[in-house]
Amino acid sequence: VVFHKGKRMLWNRLRKQPLANRPEERVRLRFMDHLILDCRWPASRIASESPVENPKGMHRLRADLICYDRQMKPLLLVECKSEAVSLNEDAALQIARYNRQVGARWGCLTNGSVDRWYKFNSNRAVPLKCSPLQEEHTAQSSQGPDRTDVAERDYEYRLDPDYWRARGFLGSKLPEEFSNDLADYLSTWLIPGGGKSDNSPPLNHQSGDRQSVDIQSGESPAGDSPGIHYLDLESMPDLIPLNHFYRTEKLGNDNRIAVGFLNGPDGSSWLVALLSRNRETVALFTSQLDLGLARNPENGRLLQPGTGSQTIDIRSILPDLFEKGADKWPRSPGKKIFKKLCPEALSG
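Small disclaimer: the values here were computed from a predicted structure and weren't measured. (Residues numbered from 1 in each chain as written. Predicted model: local features only at pLDDT ≥ 70, side-chain atom pairs only at ≥ 80, totals over all residues. Heavy atoms only, no water.)

Caption draft 1: Region of the structure containing the sheet that holds strand β16 (residues 308–312). The antiparallel open sheet is built from 7 strands, whose spatial order is β10-β11-β12-β13-β14-β15-β16. One side of each edge strand has no neighbouring strand; the edge strands of this open sheet are β10 (227–231) and β16. Strand-to-strand twist of the sheet, defined as the mean angle between neighbouring strand axes without regard to direction, takes the value 25°. In the packing of helix α6 (residues 176–189) onto the sheet, contacts are made with β11 (244–251) and β12 (255–263), and the angle to β12 comes to roughly 140°. (Pairing = 2+ DSSP bridges. Helix = DSSP H or I, 4+ residues; strand = E, 2+ residues; numbered from the N terminus. Axes fitted to C-alpha atoms, helices over the stretch in contact; angles between N-to-C directions. Contact = heavy atoms within 4.5 Å.)

Put into structure tokens, the structure is as follows:
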């Protein structure tokens, strides 16, 4: 994530340029992270938005991602869709049509929540049950790591504050010790129902179906389980851009809570909590963590429709966030915040 004129934009590490924050682009960059961080595929052997010849002579086509083997022959063709797009037969026909020009061995259709893997046979895309990619990369390595080593390495990058800074969760103003604690917290907190023993990536693309809770509709295959969801929230005066990934969960039958950690254009770090009921916002709480860490009592603000804005010190609600290690931080900070500040809104 990078900021341009106060707006959040996405940084494509392969093209080395900022791009508009669009749904399909977010899916593409998450899959790119999956290739590089989880499968440990060299970035030098991944191409982004490569031109594909259109045999019909119409507008030029572009392949979202192409992964090459050590001989620089196309191995995997990835076509990314937004989360709102279903992966139907038409999408499968599209990736097969693209591959007539690319000549990859495998294909993957993804919308960031569901993956469909294929093996190309002539001009047909034959469905596969799972991803063949990581096994192939290990086989190509002269001394490939065993599965235990893969699990340990996959978890290590989650603990690096720079990983979270680059993705818009941490600002540069936080001291190193607190940044390390927050990175440790995010590495497990952003895995729905996860922990250090869970080897699924916290924010990266995860192979297979993933479940999330929509803060607006509250619909989720996982019922009341927490989930990670991108919320395209509108900007508000005197606040940082709020559109980002949030951990969302149900609270009772009607209430939905979303909590996120965000950075600001000036290097600040924020905790944002949103309470909604029946698709309407009930309360919004924001706190600038670097001010809270400096014991500035005007670090937070509570906004409620019809009642205006109220200054809040986050230390009065979540003291453990600053006094104890990450293992002592609350797993559901949103519940603590709103039960303390507006209990009537939760029971309304």
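Caption draft 2: Quick peek at the pattern of salt bridges. Inspection of every chain in the model, using the stated rule, returns 11 salt bridges. Between Arg28 and Glu49 there is a salt bridge whose closest N-O contact spans 3.8 Å. With Arg28 in helix α1 (residues 23–38) and Glu49 in strand β4 (residues 46–52), the pair connects residues that are 21 residues apart, well separated along the chain. Overall, Arg28 belongs to the buried group, its relative accessible area being 5%. The exposure class assigned to Glu49 is buried, which follows from its relative accessible area of 18%. Put simply, Arg28 and Asp64 hold a salt bridge, and the shortest N to O gap is 2.2 Å. Of this pair, Arg28 sits in helix α1 while Asp64 sits in strand β5 (residues 61–68), and the two are 36 residues apart along the sequence. Because the salt bridges share partners, they merge into one network encompassing Glu24, Glu25, Arg28, Glu49 and Asp64. (Salt bridge = Lys/Arg side-chain N within 4 Å of Asp/Glu carboxyl O. Buried < 20%, exposed > 50% of the residue type's maximum accessible area, 1.4 Å probe, protein only.)

Caption draft 3: The arrangement of the sheet that holds strand β1 (residues 2–4) in detail. Sheet architecture is open: 3 strands sit in the order β1-β2-β3, paired in antiparallel fashion. Pairing within the sheet leaves two strands with one partner each, and these edge strands are β1 and β3 (17–19). On average, each strand axis in the sheet is inclined to that of its neighbour by 50°, with strand direction left out of account. In terms of strand pairing, strand β2 (residues 7–12) meets β3 through 3 bridges, oriented antiparallel. Bridged to Asn12 within β3 is Gln17. Along the sheet, α1 makes contact with β2 and β3, crossing β2 at roughly 40°.

Caption draft 4: Expanded view of α1. In this model, α1 (16 residues) spans 22 Å end to end at C-alpha, consistent with the 22 Å of a helix rising 1.5 Å per residue. With 14 of 16 residues buried, α1 is to be regarded as a mostly interior element. Trailing α1 by a residue or two, Arg40 shows a phi angle of about 55°, which is positive. (Expected span 1.5 Å × (residues − 1).)

Caption draft 5: View of the state of the cysteines. Tallying each qualifying case throughout the model produces 0 disulfides. With no disulfide of its own, Cys39 lies 7.9 Å from the sulfur of Cys67, the closest cysteine sulfur. (Disulfide = S-S within 2.5 Å.)

Caption draft 6: Layout of the pairing of strand β13 (residues 269–277). The buried count for β13 comes to 9 of 9 residues, which makes it a mostly enclosed element. Here β13 shows no split at all, with Ser269, Leu271, Ala273, Leu275 and Arg277 on one side and Trp270, Val272, Leu274 and Ser276 on the other all buried. Pairing of β12 with β13 involves 9 bridges; the strand directions are antiparallel. Looking across to β13, one finds that Arg256 is bridged to Ser276. Counting the residues in the hairpin turn of β12 and β13 gives 5 residues, including Gly267, whose phi is positive at 90°. The sheet contact formed by β13 and strand β14 (residues 280–288) spans 8 bridges and is antiparallel. Looking across to β14, one finds that Leu271 is bridged to Ser287.

Caption draft 7: Up close: the packing of aromatic side chains. In the structure shown here, the tally under the stated rule is 11 aromatic pairs. For the pair Tyr157 and Tyr163, a centre-to-centre distance of 5.2 Å together with 55° between the ring planes defines the contact as tilted. Here Tyr163 falls in the buried class, since its relative accessible area comes to 5%. Aromatic pair Trp164 and Phe169: ring centres 5.3 Å apart, planes at 90°, arrangement edge-to-face. There is no split in this pair, since Trp164 and Phe169 are both buried. A network of ring pairs unites the aromatic residues Phe178, Tyr185, Trp189, Phe261, Phe322 and Trp329 as a single cluster. Over the ring of Trp106 we find Arg105, and its NZ or CZ is 4.9 Å from the ring centre. Note that Arg315 overlies the ring of Phe322, its terminal NZ or CZ placed 4.6 Å from the centroid. (Phe/Tyr/Trp six-rings, centres within 6.5 Å; stacked < 30°, edge-to-face > 60°. Lys NZ or Arg CZ within 6 Å of the ring centre and 35° of its normal.)

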